Amino acid sequence: MKLDGMNGIELGAAGRLIMAAASMCAAVVMHGQSVDKIGINWDKTLVVSKSTPTFQIVVNPPLRHGEPLSTASYQAVKNLGADYVRYQLWSAYPKLGVAELEPPTPQQTNWDFSLIDPMTKDFLDATAGHPTVVEFSTIPNWLFKTEKPSTYPADPNKAIFDYSQGTELRDPSGKELGDYFARFASWYVNGGFTDENNVRHESGYHYSLPYWEVLNEVEFEHKMNAEQYTERYDAIVSAVHKVSPSTKFVGLALALPGYQPGFFEYFLNPKNHKPGIPLDMISYHFYAMPDPKETIDDWQYTFFDQADGFLNTVRYVESIRKRLSPGTKTDTDELGSILPTDNTPADTVPPPPAYWNLGASLYAYLYIELSRQQIDIIGASQLVGYPTQYPSVSMMNWQDNKPNARYWVLKLIKDAFHPGDKLVETSLDGRDYVASQAFVTPSGRKLLLANMRNRAIDVTFPDAAKTTALTVDSQTGEGPARQVEVTGGVLHMEPFAVSVVSW
């Protein structure tokens with residue numbers, strides 16, 4: 001009986017020890033220290049990457065030539081050295097994006113590139129040697145039938161969000177529309193153009209325009225349907241191609257691709273275009289947008305849940321593209337997140353610092369998943385935002401003119417991965433808190449990891465002792481990726497960290 005009693009006491013102590021250990025483990029997990037195990041089969045290639053990581057630049061006043069943020073931003077563009085950077089002259093600033101704001105008369109025309117040229121030259125100089133995508137997207141409003149004449153602010157720095165009025169062109173043939181953009185292109189490609197009154201305007205520029213994206217978010221700007229857009233695309237492409245024969249074209253640029261799949265069905269069918277019109281590439285956008293009541297503890301789920309919905313849309317669009325026009329490429333050229341405080345009085349307060357790391361992790365996740373789908377261009381949005389102009393979308397800090405974590409993760413990915421890399425079988429034994437994909441690249445074996453949670457996570461993977469790792473996380477702040485140690489076969493990842501592991 002005594003022995004049994006002693007055993008009872010010993011078992012009770014053991015039980016308490018087990019319970020204490022379990023409690024400690026639970027506490028560790030609660031504080032974020034879960035462990036994900038990555039499995040890699042280097043010999044099993046799933047797909048070969050076609051994907052180029054890049055970003056977009058939307059013109060706004062801080063990017064005007066000589067502004068401190070502009071100087072810092074274009075230095076960041078040059079340092080990044082990305083291909084297929086998208087340059088958009090957006091309708092919110094008509095004087096910064098429209099070269100003929102008033103209609104021509106028999107007495108005079110109103111062409112004026114004086115505000116557009118300095119910014120565009122900064123962009124073209126910063127991206128020299130790299131193929132680019134220009135988006136001279138804003139149509140002069142006088143080309144449309146409207147109830148009242150078009151108006152715009154006298155101050156070029158003042159935004160106007162309703163410049164794009166009217167749905168029907170005043171010239172239904174589309175010739176006026178095509179001629180406007182042909183002259184715009186010729187200004188930069190052919191040293192100038194001849195205007196509507198047969199007067200020559202000289203620029204002296206002889207740039208190359210590798211890709212021209214035809215209009216932007218057309219389901220909103222002038223509320224185009226698929227038939228209208230396709231007719232206008234054909235008119236613009238026909239005219240621009242005559243003055244710039246080497247230029248290729250990007251179509252659609254849809255804001256909400258999942259809402260109107262008919263756009264893809266119609267536009268990608270060559271039968272709906274004039275003979276000889278190229279369908280080089282299509283584009284569309286995605287932004288994660290949380291509910292106003294959510295906080296960053298909710299965003300860590302909302303952003304990735306919404307991203308998964310977008311990825312399903314991509315699969316559907318890809319099935320349409322492959323069926324109707326398999327030679328057409330795809331550019332997801334606006335990827336990011338928009339907070340509900342943007343463009344409200346509350347947007348003067350920057351998001352919490354971890355938000356930028358969350359946005360960077362979201363981009364890394366999308367890069368992994370879109371690479372698996374062999375999407376050609378994966379573009380982060382956007383270089384510069386600031387209060388009143390979508391500050392939560394920015395890749396630059398408008399207060400100190402430094403790149404934030406979103407920029408540095410893009411650079412980390414751009415430097416490590418390229419089209420032609422092999423994506424190999426990668427498995428996860430854990431809680432699905434870490435996105436992972438292994439690549440075989442010309443410079444060796446690499447693994448891209450993105451912590452999708454607002455807590456630290458430890459990751460293990462094969463032959464970890466033979467690796468080096470670069471990470472962008474809360475500790476790097478507004479600086480480049482730092483080298484981190486893989487200790488005891490474990491890589492420690494801070495909340496929303498993105499890492500590239502190399503063998």
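Residues numbered from 1 in each chain as written. Predicted model: local features only at pLDDT ≥ 70, side-chain atom pairs only at ≥ 80, totals over all residues. Heavy atoms only, no water.

1. Details of the overall build of the chain
Note the threshold: Elements are defined by DSSP. Helices are runs of H or I of four residues or more, strands are runs of E of two residues or more, and each kind is numbered from the N terminus. When accessible area is computed with a 1.4 Å probe and restricted to protein chains, residues below 20% of their type maximum are described as buried, those above 50% as exposed, and intermediate ones as partly exposed. When checking whether two residues touch, look at their non-hydrogen atoms; a contact exists if any pair is within 4.5 Å.
Broken down by element type, the chain carries 10 helices and 21 strands. The principal-axis extents of the C-alpha atoms in the chain amount to approximately 115 × 45 × 40 Å. Looking at the chain as a whole, 55% of its 503 residues qualify as buried. The contacts of the chain with a sequence gap of at least 6 include a subset with a gap of at least 24, amounting to 76%.

2. A closer look at the nonpolar core
We apply this condition: Buried Ala, Val, Leu, Ile, Met, Phe, Trp, Tyr and Cys residues form a nonpolar core when they are joined through side-chain atoms within 4.5 Å.
If you look at the biggest cluster of nonpolar residues, it comprises 125 residues, and the most contacted ones within it are Phe55, Ile57, Phe184, Trp212 and Tyr229. Excluding its chain neighbours within four sequence positions, the residues that come into contact with Phe184 are Leu89, Gly97, Ala99, Phe113, Ile116, Phe136 and Trp212. Counting 20 residues, the second-largest nonpolar core is a separate cluster that includes Ile38, Leu447, Val486 and Ala497.

3. Concerning the pairing of strand E18 (residues 468–472)
Formally: Only strands that DSSP links by at least two bridges are regarded as paired with each other.
Sheet analysis places E18 next to strand E21 (residues 498–502), joined by five bridges and oriented antiparallel. Among the inter-strand pairings, Leu470 is bridged to a residue of E21, identified as Val500. Here three bridges tie E18 to strand E19 (residues 482–484), and the two strands are oriented antiparallel to one another. The partner of Leu470 across the bridge, within E19, is Gln483.

4. Quick notes on the packing of helix H2 (residues 68–80) against helix H4 (residues 116–126)
Rules: Where helices are involved, their axes are fitted lines through C-alpha atoms of the stretch in contact, as for all axes, and angles between N-to-C directions lie from 0 to 180°. To sort the angles, those under 35 degrees are grouped as roughly parallel, those over 145 as roughly antiparallel, those from 65 to 115 as roughly perpendicular, and the leftovers as oblique.
Running from N to C, H2 and H4 point in directions that differ by 25°, and their axes come no closer than 9 Å. Here H4 runs roughly parallel to H2, going by the angle between their axes. Within the contact between the two elements, H2 uses Ser70, Tyr74, Val77 and Lys78 and H4 uses Met119, Asp122, Phe123 and Ala126.

5. Looking at the layout of surface pockets
This is how it is decided: Buriedness of a pocket was judged along seven lines, with at least five required to meet protein on both sides within 12 Å; pockets are open sets of points on a 1 Å grid over the protein atoms alone, cavities are sets where a 1.4 Å probe fits but cannot get out, and lining residues have an atom within 4 Å of a point. Grid points are joined across faces, edges and corners, and a volume is the space filled by probe spheres set on the points. Classification used: nonpolar for Ala, Val, Leu, Ile, Met, Phe, Trp, Tyr, Cys and Pro, charged for Asp, Glu, Lys and Arg, polar for all others including Gly.
Approximately 880 Å³ is the volume attributed to the largest pocket. Forming the boundary of the largest pocket are 37 residues, of which Glu217, Phe220, Ala255, Tyr287 and Ile338 lie nearest the centre. Elements that contribute at least two residues to the lining of the largest pocket include exactly strand E2 (52–58), strand E9 (281–288) and helix H8 (296–324). Take the lining of the largest pocket: its biggest share by element is four residues, from H8. Here the residues of the lining of the largest pocket are counted per class, giving 18 nonpolar, 14 polar and five charged.

6. Things to note about the confidence of the model for the chain
The condition is simple: As a per-residue measure, pLDDT reflects the predictor's confidence and takes values from 0 up to 100.
Summarising the model, the chain shows a mean pLDDT of 93, and 93% of its residues fall at 70 or more. In this model residues 1–32 is a low-confidence stretch, pLDDT under 50, and it forms eight contacts with partners more than four residues away in sequence or in other chains.

7. Observations concerning empty space enclosed by the protein
Taken as a whole and judged by the stated rule, the model has one cavity of 30 Å³ or more. Roughly 40 Å³ of volume is contained in the largest cavity. Looking at the largest cavity, the residues that line it are Leu335, Gly336, Ser337, Gly359, Leu362, Tyr363, Leu366 and Arg406. Broken down by element, the residue count for the lining of the largest cavity peaks at four residues, all from helix H9 (residues 353–372). Looking at the lining of the largest cavity residue by residue, the class counts come to four nonpolar, three polar and one charged.

8. Examining the packing of aromatic side chains
Rules: Here is the rule: rings of Phe, Tyr and Trp (six-membered ring for Trp) pair when centre to centre is within 6.5 Å. Planes less than 30 degrees apart are stacked, more than 60 are edge-to-face, and the remainder are tilted. Charge over a ring is defined by NZ of Lys or CZ of Arg lying within 6 Å of the ring centre and within 35 degrees of the ring normal.
Taken as a whole and assessed by the stated rule, the structure comprises 41 aromatic pairs. Taking NZ or CZ as reference, Arg455 lies 4.4 Å from the ring centre of Tyr433, over its face.

9. What about the pattern of salt bridges?
For clarity, the threshold we go by: The salt bridge definition used is simple: a Lys or Arg side-chain nitrogen within 4 Å of an Asp or Glu carboxyl oxygen.
The full count for this structure, using the stated rule, is 15 salt bridges. The shortest N-O distance in the salt bridge between Arg372 and Glu369 comes to 2.8 Å. Taken together, the residues Arg372 and Glu369, both in helix H9 and three residues apart, mark about one turn of the helix. Judged by its relative accessible area of 13%, Glu369 falls in the buried class. Salt-bridge contacts for Lys414 lead to Asp415; the nearest nitrogen and oxygen are separated by 3.6 Å. Each of Arg86, Glu135, Glu213, Asp333 and Glu334 takes part in salt bridges that share partners, so that together they form one network.

10. Some words on the environment of Gln300
By the secondary structure assignment, Gln300 is in helix H8. A relative accessible area of 5% places Gln300 in the buried class. When the C-alpha atoms of Gln300 and Asn110 are compared, they prove to be 50 Å apart, with 190 residues separating the residues in sequence. Look past the residues within four positions of Gln300 in its chain and what remains in contact with it is Leu358, Met452, Arg453, Asn454, Arg455 and Phe496.

11. Observations regarding the packing of H2 against helix H10 (residues 405–416)
So the rule is basically this: Crossing handedness is defined as follows: a turn of the near helix away from the far one that is anticlockwise and smaller than a right angle gives a left-handed crossing, while the clockwise case is right-handed.
As a packed pair, H2 and H10 sit with axes 11 Å apart at the nearest point and diverge in direction by 20°. By the angle class used here, H2 and H10 are roughly parallel. For the pair H2 and H10, the crossing hand works out as right-handed. Contact residues: H2 offers Ala76, Asn79 and Leu80, while H10 offers Tyr407, Leu410, Lys411 and Lys414. Counted by class, the contact of H2 with H10 contains four nonpolar, one polar and two charged residues.

12. With respect to the sheet that holds strand E7 (residues 211–213)
Read around the closed barrel, eight strands run E2-E3-E4-E7-E8-E9-E10-E11, paired in parallel fashion. Between one strand and the next, the sheet's axes are offset by a mean angle of 25°, whatever the strand orientation.

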